[in-house]
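Breakdown of the fold
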Amino acid sequence: QVQLVESGGGLVQTGESLRLSCAASGRTFSTYTMGWFRQAPGKEREFVAAIIWRGGVTYYADSVKGRFTISRDNAKNTVYLQMNSLKPEDTAVYYCAADRYREYDFRSPSPYDYWGQGTQVAVSS
C-alpha cells in the first residue's frame, strides 16, 4: 500500500509559478511511475505529466510542455511538479498518482493504483 500526500497548491496570478510536491510512503518509491493529473470543475481528469520509474524519462501534455517540469527525489520519496508561466486555464485540483513498474499507458488515469487527495491550484487573470 502506498499513501500519497500532495502539497504546494494555492492562488497565484497569471505568469507566476508554483511547485507542487507529492510525498509517498513506503520503501519502494523508486519502482513507481509517478503521474500528475488535474481536474477542473465540470471536466474530466486529464493527464499533465509523468516520470517513468526506470530511467526517469518524462512526458508532458501538450498544454503544459515547456512550462511545467516533473522531477523526483527517490531519497525523499517525493515527486515534484514545477509550474511556471501559469495561466487561468491551469486552474484545477492537481492529483499525483503512482503505479508500480508502469512503462506504458501512463497518460490515462485508470491504470494508476494509488492517488493522493489533491491540491487546489487557482490562477487569476
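Conventions and cut-offs
Residues numbered from 1 in each chain as written. Predicted model: local features only at pLDDT ≥ 70, side-chain atom pairs only at ≥ 80, totals over all residues. Heavy atoms only, no water. Helix = DSSP H or I, 4+ residues; strand = E, 2+ residues; numbered from the N terminus. Rg over C-alpha atoms; globule rule 2.2 N^0.38 Å. Contact = heavy atoms within 4.5 Å. Areas by Shrake-Rupley, 256 points an atom, 1.4 Å probe, with all protein chains shown as cover. Lys, Arg positive; Asp, Glu negative; His and termini not counted. Charge placed at Lys NZ, Arg CZ, Asp CG, Glu CD. Buried < 20%, exposed > 50% of the residue type's maximum accessible area, 1.4 Å probe, protein only. Polar contact = N/O pair within 3.5 Å; in protein donor to acceptor, adjacent residues only side chain to side chain. Phe/Tyr/Trp six-rings, centres within 6.5 Å; stacked < 30°, edge-to-face > 60°. Lys NZ or Arg CZ within 6 Å of the ring centre and 35° of its normal. Core = buried A, V, L, I, M, F, W, Y, C linked by side-chain atoms within 4.5 Å. Salt bridge = Lys/Arg side-chain N within 4 Å of Asp/Glu carboxyl O. Pairing = 2+ DSSP bridges. Axes fitted to C-alpha atoms, helices over the stretch in contact; angles between N-to-C directions.

The subject of this paragraph is the overall build of the protein. Assigned secondary structure in the protein consists of 0 helices and 11 strands. Along the protein, helices (α) and strands (β) appear in the sequence β-β-β-β-β-β-β-β-β-β-β when read from the amino end. Expected size for 125 residues packed as a compact globule is a radius of gyration near 14 Å; at 13 Å, the protein falls within 12% of this value. By its C-alpha atoms, the protein is 40 × 25 × 25 Å across when sized along the principal axes. Expressed as a percentage of contacts within the protein between residues at least 6 apart in sequence, the contacts between residues at least 24 apart total 60%. Of the roughly 6400 Å² of accessible surface on the protein, a fraction of 46% belongs to carbon and sulfur atoms. If the 14 positive side-chain charges of the protein are averaged to one point and the 12 negative ones to another, these points end up 5 Å apart.

Checked against the element boundaries, T78 lands in strand 8 (residues 78-83). What makes T78 buried here is its relative accessible area of 9%. Within the local environment of T78, its side chain forms a polar contact with the backbone oxygen of K76, the two atoms lying 2.8 Å apart. In this structure, T78 is in contact with S21, C22, A23, F29, S71, R72 and D73, ignoring residues within four places of it in sequence.

The full count for this structure, using the stated rule, is 8 aromatic pairs. For the ring pair Y32 and Y114, a centre distance of 6.2 Å and an interplane angle of 65° mean the geometry is edge-to-face. Highlighted residues: Y32 in strand 4 (residues 32-39) and Y114 in strand 10 (residues 114-115), separated in sequence by 82 residues. Of the two residues, Y32 and Y114, both sit in the buried class. A cation sits over an aromatic face here: R45 above Y95, 3.8 Å from the ring centre. A cation over a ring is seen here: R72 above F29, with NZ or CZ 4.6 Å from the ring centre.

What follows deals with the nonpolar core. The biggest cluster of nonpolar side chains holds 38 residues, and the ones touching the most others in it are L4, M34, W36, L81, M83 and Y94. Residue assignment for this core shows that the elements contributing at least two residues are strand 3 (18-24), strand 4, strand 5 (46-51), strand 7 (68-73), strand 8, strand 9 (92-100) and strand 11 (119-124).

The subject of this paragraph is the pattern of salt bridges. All chains considered together, the criterion is met by 6 salt bridges. The residue R38 makes a salt bridge to D90 at a minimum N-O spacing of 2.9 Å. Taken as a pair, R38 in strand 4 and D90 in the loop between strand 8 and strand 9 lie far apart in primary sequence, 52 residues in all. No difference in accessibility class separates R38 from D90, as the two residues are buried.

On to the sheet that holds strand 7. Strands sit in the order 1-3-8-7 across an open sheet of 4 strands; the sheet is antiparallel. Bordering the open sheet on either side are strand 1 (4-7) and strand 7, each of which pairs with just one other strand. Each adjacent strand pair in this sheet contributes to an overall mean axis angle of 15°, direction not counted. When strand 3 meets strand 8, the two strands line up antiparallel, connected through 6 bridges. Along strand 8, the bridge assignment pairs S21 with Y80.

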